Amino acid sequence: MSDEQERAQRSVERMFPEVARFLGQLRHELPLFGPTDLFDDEGVRPDVIVRVDYALSFRQLHAALVVAFTEIAEGRSPEDLSVVEVRTEVEGYLAGHGIVAVDNQMADDEHRDLTAEQQRIVQGLVEAIERAYPPRREPDRVQQPVYGDGTVTVETQDHGEIVIDEPAWCLGHDDEPIGYRADITHKGPWEAAEFAGVEFLPAGISWAPFSELHPEPYPVADVWEFPPMEPDKLRQLAALVGSQAGRLYRLANHVDQIRRGMS
């Protein structure tokens with residue numbers, strides 16, 4: 001535990017002694033897991049990180065995983081799930097529902113007409129939040145990569161400056177946010193079909209050589225709204241797309257027949 005975390009814990013214990021004692025007893029008796037990962041609302045720049053502990057029964061854990069499992073990659077077997085994946089799905093489900101509820105409340109608040117007194121209270125709550133959760137923001141730092149002969153030098157938050165292999169097909173890492181080594185991803189150009197102004201099945205190559213949750217020893221194919229694919233899986237998808245093209249032709253012929261019968 002860091003000095004800052006210890007100071008925060010002592011502050012909680014001093015201000016809420018009964019709650020601290022209860023939580024201390026509960027945590028001593030029950031095993032603690034997670035959070036496995038940091039869950040946030042995509043597209044929103046965070047100001048603070050809020051951690052929440054959930055005391056859950058086995059049935060509640062099972063129910064959360066059942067719901068989460070239906071939303072992950074098709075064809076997976078429960079026996080194939082790693083411990084990290086199970087915890088990530090359960091904790092992501094719990095965190096996700098909280099974020100969705102907050103976002104829905106924010107959307108509702110935008111359409112509310114507040115009286116002067118209600119506006120005063122809302123502003124007071126803003127100040128209360130700033131006291132309880134003072135944001136600590138660091139200026140955005142982006143990559144300034146240095147490219148060599150088949151290599152690139154990038155900066156990471158956990159390993160400092162590192163030199164890694166840079167595939168010829170990678171578009172580069174200029175102006176990417178500086179993150180952790182595990183998040184470094186090589187990305188190639190995307191290609192998509194387009195018809196009537198609508199793009200579909202955009203796809204490209206990606207490779208996260210240091211990924212820890214989902215190791216990628218080799219480059220994979222990224223297809224929009226599909227999980228990363230090995231070459232054989234991508235060929236299977238291509239075959240299905242060809243079958244769908246045949247069905248579209250048959251549908252077009254059927255529509256022609258219907259129209260001729262109506263004339």
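As shown above, the structure is provided for reference.
Sequence positions are assigned chain by chain, starting from 1 and proceeding in written order. At least 70 in pLDDT is required for a residue's local features to be given in this predicted model, at least 80 for side-chain atom pairs to be given and counted, and no such filter applies to totals for whole chains, interfaces and linings, which use all residues. Hydrogens and water are ignored here; the side-chain numbers use all heavy atoms of the structure.

A. A look at the overall build of the protein. A count of helices and strands for the protein gives six helices and seven strands. Beginning at the N terminus, the succession of helices and strands in the protein can be written as α-α-α-α-α-β-β-β-β-β-β-β-α. Three labels apply to residues, based on accessible area from a 1.4 Å probe with only protein chains included: buried if under 20% of the type maximum, exposed if over 50%, partly exposed otherwise in between. Burial status across the protein gives 15% buried among its 263 residues. Considering only contacts in the protein between residues 6 or more positions apart, those separated by 24 or more positions represent 38%. To be clear on the numbers: accessible area is Shrake-Rupley with a 1.4 Å probe, and residue cover counts the displayed protein chains and nothing else. Summing over all exposed atoms, the protein offers an accessible surface of approximately 21,100 Å²; the carbon and sulfur share of this is 56%. Here a strand is any run of E in DSSP of at least two residues, a helix any run of H or I of at least four, and the numbering for each starts at the N terminus. In what follows, a contact means two residues having at least one pair of non-hydrogen atoms within 4.5 Å.

B. Up close: the side chain of histidine 173. Mapped onto the fold, histidine 173 is located in the loop between β3 (160-165) and β4 (186-187). Take histidine 173: its relative accessible area is 1%, and that puts it in the buried class. Residues contacting histidine 173, with those up to four places away along its chain left out, are Gln143, Pro145, Tyr147, Val152, Val154, Glu166, Ile184, Thr185 and His186.

C. Molecular detail of the layout of surface pockets. The computed volume of the second largest pocket comes to approximately 220 Å³. A cavity here means a set of points on a 1 Å grid, drawn over the protein atoms and nothing else, where a 1.4 Å probe fits but cannot get out; a pocket is an open set with protein on both sides within 12 Å along at least five of seven lines, and a residue lines either one if it has an atom within 4 Å of a point. Lining the second largest pocket we find 13 residues, and of these Glu191, Ala203, Gly204, Val223 and Leu234 sit closest to its centre. Partitioning the lining of the second largest pocket into residue classes produces ten nonpolar, two polar and one charged. Grid points are joined across faces, edges and corners, and a volume is the space filled by probe spheres set on the points. Residue polarity follows a fixed list, in which Ala, Val, Leu, Ile, Met, Phe, Trp, Tyr, Cys and Pro are nonpolar, Asp, Glu, Lys and Arg are charged, and the others, Gly among them, are polar.

D. Expanded view of a nonpolar patch on the surface. There is a patch of nonpolar side chains on the surface, built from Val48, Val50, Val52, Tyr54, Leu56, Leu61, Ile129 and Tyr133 and spanning about 690 Å² of accessible area. Along the chain, valine 52 turns up in the loop between α2 (17-29) and α3 (58-69). Only residues whose relative accessible area exceeds 30% and that form no salt bridge enter a patch; like-charged residues are grouped when within 9 Å of one another, and nonpolar side chains (Val, Leu, Ile, Met, Phe, Trp, Tyr) when within 5 Å. Salt bridges are identified by distance alone: a Lys or Arg side-chain nitrogen within 4 Å of an Asp or Glu carboxyl oxygen.

E. Local environment of the nonpolar core. Take the buried Ala, Val, Leu, Ile, Met, Phe, Trp, Tyr and Cys residues and link them wherever side-chain atoms come within 4.5 Å; each set so joined is a nonpolar core. One finds Val152, Val154, Ile162, Ile164 and Ile184 forming the largest nonpolar core, which totals five residues. Of all elements in the fold, only β2 (151-156) and β3 reach the threshold of two or more residues within this core.

F. Representation of the packing of α3 against helix α4 (residues 83-110) within the structure. The axes are straight lines fitted to the C-alpha atoms, using for helices just the contacting stretch, and the angles between their N-to-C directions are given from 0 to 180°. At their nearest, the axes of α3 and α4 sit 9 Å apart, and the two run at 95° to each other. By the angle between their axes, α3 is roughly perpendicular relative to α4. Across from Leu61, Ala64, Leu65, Val67 and Ala68 in α3, the residues of α4 making contact are Val86, Glu89, Val90 and Tyr93. When grouped by side-chain class, the residues that make up the contact of α3 with α4 number eight nonpolar, no polar and one charged. Small angles under 35 degrees read as roughly parallel and large ones over 145 as roughly antiparallel, with 65 to 115 read as roughly perpendicular and the rest as oblique.

G. View of unusual backbone geometry. Positive phi values are uncommon outside glycine, yet aspartate 175 reaches one of about 65°. Note that aspartate 175 resides in the loop between β3 and β4. You will see that glutamate 225, though not glycine, has its phi angle at about 70°, which is positive. Glutamate 225 gets classed as exposed once you look at its relative accessible area, which sits at 72%.

H. Structural context of the pairing of β3. Any two strands with at least two DSSP-identified bridges between them are counted as paired. Pairing of β2 with β3, which is carried by six bridges, proceeds in the antiparallel orientation. When the bridges of β3 are listed, threonine 151 appears paired with aspartate 165. Joining the antiparallel neighbours β2 and β3 is a turn of three residues.

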